[in-house]
Amino acid sequence: MNKLKQLSNKGWQFVALTVALSSIPYYFIISDGDTGTSWTLLLMWMPGLAAIILRLVKKEGLFSNLVWNPFKGWKWILLAAFIPFTIEILTIIISVLTGAAQLKEGFITMEEGLVALKGMAMLLGASPQPWYVFVPNFILSYFVGMLLYSLFIAFGEEFGWRGYLQKEWASTNSLFGFLIIGVIWGWWHLPGILLGHNYPDYPVLGGIVLMPMVTVLFSIAFGVAFNKQRVIWVPVIFHGAVNISAEISNVGLVGETMNRPLNDVIWTGLWMIATFVVWVKRR
């Protein structure tokens, strides 16, 4: 309790304002019973809006305590882009090998030296192509999609959670601060999780326990990377990469036959390893 009392009031004000603003899009999401609407996209901007309001009210400046030049953090931006991507690919491979999931028939084909993916948009076309064209095509397509998602959607959350709340509670890599931010961030998703988002087979367990556990890992990984040079684009790219890379599994795996508990354990376990490495290397 003493540690909780030591957390700044401005941080709690941010949490309260974020919850209040989020109640508006959540009202429509719950009324529709569907998280796949534009209201969910609006919801993701509520932490950012809360941060903007508090920065203006408290005269902190919209851009203060943040580094906006992406070139100052380009190494971490690249890591942020490809750590989630690598974890997702490894999760698919391990899940298929262990029987936790099955690839959709024809999702990936390799014939006569030509490779093709079914159901995914590719910048240079999705028709069968040589591997030396397919690999850069696939990576470039992922990177552009991730970048657009990060800038227009994920930025809203990260400007709030990392750009404002973290400076109040975990600007010096406080593990307790990361823990509290992660738990609050996870429970902020609770109404959507209970509607079946992310954990459709066990929404209560997913919303109350599993999602906060994952967001604590993200809070540490995103937070440590952000604190390196306070380049806001690092957590923004991290967040966008997590959400976009998840689409590879959504497109490529047969959802009806997936062993979701085992698949979740594999994915979460890989994130535990990645987060541990980031934490150990934080200095």
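See the structure printed just above.
All values reported here derive from a predicted model rather than from experimental measurement.

Attention now goes to the overall build of the chain. In terms of regular secondary structure, the chain is built from eleven helices and three strands. Across its three principal axes, the chain shows a C-alpha extent of roughly 65 × 40 × 35 Å. Looking at the chain residue by residue over its 283 residues, the buried ones come to 48%. Counting only contacts in the chain whose residues sit at least 6 apart along the sequence, the fraction spanning at least 24 positions is 74%. Once the 18 positive and 14 negative side-chain charges of the chain are each reduced to a mean point, those two points are 22 Å apart.

Next up on the list: the packing of aromatic side chains. Inspection of every chain in the model, using the stated rule, returns 31 aromatic pairs. Measuring from centroid to centroid gives 5.4 Å for Phe-63 and Trp-68, while their planes differ by 80 degrees, and the two rings are edge-to-face. On the basis of relative accessibility, which here comes to 57%, the residue Phe-63 falls in the exposed class. A relative accessible area of 25% places Trp-68 in the partly exposed class. Taking the centre distance of 6.0 Å and the plane angle of 90 degrees together, the rings of Phe-218 and Trp-267 count as edge-to-face. You can see Phe-218 sitting in helix α9 (residues 203-229) and its partner Trp-267 sitting in helix α11 (residues 260-280), a full 49 residues away along the chain. Here Phe-218 falls in the buried class, since its relative accessible area comes to 7%. Residue classification places Trp-267 among the buried residues on the basis of a relative accessible area of 17%. Joined through ring pairs, the aromatic side chains of Phe-14, Trp-161, Tyr-164, Trp-185, Trp-188, Phe-218, Phe-222, Phe-238, Trp-267 and Trp-271 make up one cluster. The cationic tip of Lys-167 hangs over the ring face of Tyr-164; the distance from NZ or CZ to the ring centre is 4.2 Å.

Taken in spatial order, the three strands line up as β1-β2-β3 in an open sheet, and their pairing is antiparallel. Edge strands, defined here as strands with exactly one partner in the open sheet, are β1 (108-111) and β3 (129-130).

Counting residues in hydrophobic clusters, the biggest one holds 83 residues, and the most contacted among them are Phe-14, Phe-138, Trp-169, Phe-218, Val-234 and Trp-271. Take this core: its biggest share by element is 13 residues, from helix α6 (residues 131-169). Setting aside residues up to four positions removed in sequence, Phe-14 forms contacts with Pro-47, Ala-50, Ala-51, Leu-54, Gly-160, Trp-161, Tyr-164 and Leu-165.

This part is about the pairing of β1. Bridge count for β1 against strand β2 (residues 114-117) is four bridges, and the pairing is antiparallel. Within β2, the position partnered with Glu-111 by the bridge is Leu-114. What sits between β1 and β2 in their antiparallel hairpin is a turn of two residues, with Glu-112 showing a positive phi close to 50 degrees.

Further remarks concern unusual backbone geometry. Phi is positive for Asn-65, close to 65 degrees, though the residue is something other than glycine. In this fold, Asn-65 is placed in the loop between α4 (46-57) and α5 (74-98). The residue Arg-230 is not glycine, and still its phi comes out positive at about 60 degrees. Locating Arg-230 in the fold gives a position in the loop between α9 and α10 (233-252).

As paired elements, β2 and β3 share two bridges and run antiparallel to each other. Residue pairing across strands places Leu-114 opposite Pro-130, the latter belonging to β3.

Cut-offs applied
Note on numbering: residues in each chain are counted from 1, in written sequence order. Confidence filtering applies because this is a predicted model: local features only for residues at pLDDT of at least 70, side-chain atom pairs given and counted only at 80 or more, and all residues used for totals across whole chains, interfaces and linings. Derived side-chain values reflect all non-hydrogen atoms in the structure, with water molecules and hydrogen atoms excluded from consideration. A run of H or I in DSSP counts as a helix once it spans at least four residues, and a run of E counts as a strand once it spans at least two, with each numbered from the N terminus. Whether a residue is buried, partly exposed or exposed follows from its accessible area with a 1.4 Å probe, protein chains only, as a fraction of its type maximum: under 20%, in between, or over 50%, in that order. Any pair of residues with heavy atoms lying within 4.5 Å of one another is described as a contacting pair. The convention is simple: Lys and Arg are positive, Asp and Glu are negative, and His and the chain ends are not counted. Every charge is mapped onto a representative atom, which is NZ of Lys, CZ of Arg, CG of Asp or CD of Glu. Here a pair means two rings of Phe, Tyr or Trp (six-membered ring of Trp) with centres within 6.5 Å. Their orientation is stacked below 30 degrees between planes, edge-to-face above 60, and tilted elsewhere. Two thresholds decide whether a charge sits over a ring: the Lys NZ or Arg CZ must be within 6 Å of the ring centre and within 35 degrees of the ring normal. Two strands make a pair as long as DSSP finds a minimum of two bridges between them. We call a set of buried residues a nonpolar core when its members are Ala, Val, Leu, Ile, Met, Phe, Trp, Tyr or Cys and they connect through side-chain atoms within 4.5 Å of each other.

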